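A structural walkthrough
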Amino acid sequence: MELKNNKYFTSKISFLRNPRYSCYDKIVYLTLVSIIDNEKNSCTTTYRYLAKLSSTSRSSVLRSIKHLKRNNLINIKRNTNSMTYNLI
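Residues numbered from 1 in each chain as written. Predicted model: local features only at pLDDT ≥ 70, side-chain atom pairs only at ≥ 80, totals over all residues. Heavy atoms only, no water.

**Digging into the environment of Lys 66**
Counted only if it meets this: Going along the chain from the N terminus, every DSSP run of H or I of four or more residues is numbered as a helix, and every run of E of two or more is numbered as a strand. Under the scheme applied here, a residue whose accessible area is under 20% of the maximum for its type counts as buried, over 50% as exposed, and between as partly exposed, the area being computed with a 1.4 Å probe on protein chains only.
Tracing the backbone shows Lys 66 in helix α4 (residues 58-70). Judged by relative accessible area, Lys 66 falls into the partly exposed class, the value being 49%. Separated by 41 residues in sequence, Lys 66 and Asp 25 have C-alpha atoms that sit 9.4 Å apart.

Here's what the structure looks like:
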């Protein structure tokens, strides 16, 4: 997935149609894609901020992040008060 001038991005239809991922997994992943720094292919944020951006609960974000990591869609690096996410 790739951002275009911070206005829109493209996604593979196969990801969106894959029944392995819940609607929460998809919205959390797409939210991460929308805030990613294209040059670094990463972003640093909190569960609370992801929940706010994706209009979901913090617990839903946490579950989705774990699922996305298990399925090798993201890598996670823990920071003091936040997490850094890399898209794979």
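**As for the nonpolar core**
We apply this condition: Side-chain atoms within 4.5 Å link the members of a nonpolar core, which is a set of buried Ala, Val, Leu, Ile, Met, Phe, Trp, Tyr and Cys residues. Throughout, a residue-residue contact means that at least one pair of heavy atoms, one from each residue, lies within 4.5 Å.
Counting residues in hydrophobic clusters, the biggest one holds 19 residues, and the most contacted among them are Tyr 29, Leu 32, Val 61, Ile 65, Leu 68, Ile 74 and Tyr 85. Those elements giving two or more residues to this core turn out to be α2 (23-35), α3 (47-54), α4 and β5 (83-87). Contacts of Ile 74, omitting those with residues within four sequence positions, involve Tyr 29, Leu 32, Ile 65, Leu 68, Lys 69, Tyr 85, Asn 86, Leu 87 and Ile 88.

**Describing the packing of aromatic side chains**
Rules: Side-chain rings of Phe, Tyr and Trp, where Trp is taken by its six-membered ring, are said to pair if the distance between their centres is within 6.5 Å; with planes under 30 degrees apart they count as stacked, over 60 as edge-to-face, and otherwise as tilted.
Per the stated rule, a full pass over the model turns up two aromatic pairs. Consider the rings of Phe 15 and Tyr 21, whose centres lie 5.2 Å apart with planes at 40°: the pair is tilted. The two residues Phe 15 and Tyr 21 agree in class, both being buried. Here Phe 15 and Tyr 29 contribute two aromatic rings whose centre-to-centre distance is 4.9 Å and whose plane-to-plane angle is 50°, an arrangement assigned as tilted.

**A closer look at the sheet that holds strand β3 (residues 42-45)**
Put simply, the rule is: Pairing between two strands requires that DSSP report at least two bridges joining them. Orientation is described by lines fitted to C-alpha atoms, with helices fitted over the stretch in contact, and by angles between N-to-C directions that extend from 0 to 180 degrees.
The strand order across the open sheet built from three strands is β3-β5-β4, with neighbouring strands paired in antiparallel fashion. One side of each edge strand has no neighbouring strand; the edge strands of this open sheet are β3 and β4 (74-78). When strand polarity is set aside, the average angle formed by the axes of neighbouring strands in this sheet is 20°. Sheet topology places β4 next to β5; five bridges connect them, and they run antiparallel. If you follow Arg 78 over to β5, its bridge partner there is Met 83.

**As for the confidence of the model for the chain**
Put simply, the rule is: Confidence per residue, as judged by the predictor, is encoded in pLDDT with a range of 0 to 100.
Scored by pLDDT, the chain has a mean of 88; 89% of the residues are at 70 or more. When pLDDT is averaged over each helix and strand of the chain, the minimum, 49, is found for strand β1 (residues 2-4) and the maximum, 97, for α4.

**Some thoughts on the packing of α2 against α3**
Put simply, the rule reads: Should an angle fall under 35 degrees it is called roughly parallel, over 145 degrees roughly antiparallel, and 65 to 115 degrees roughly perpendicular, with every other angle called oblique. Think of it as three bins: nonpolar holds Ala, Val, Leu, Ile, Met, Phe, Trp, Tyr, Cys and Pro, charged holds Asp, Glu, Lys and Arg, and polar takes everything else, Gly as well.
Remark: α2 packs on α3, axes separated minimally by 10 Å, with the N-to-C direction vectors making an angle of 105°. Comparing the axis directions of α2 and α3 gives the class roughly perpendicular. Contacts between α2 and α3 involve Ile 27, Val 28, Thr 31, Leu 32 and Ile 35 from the first element and Leu 50, Leu 53 and Ser 54 from the second. Residue classes in the contact of α2 with α3 are distributed as six nonpolar, two polar and no charged.

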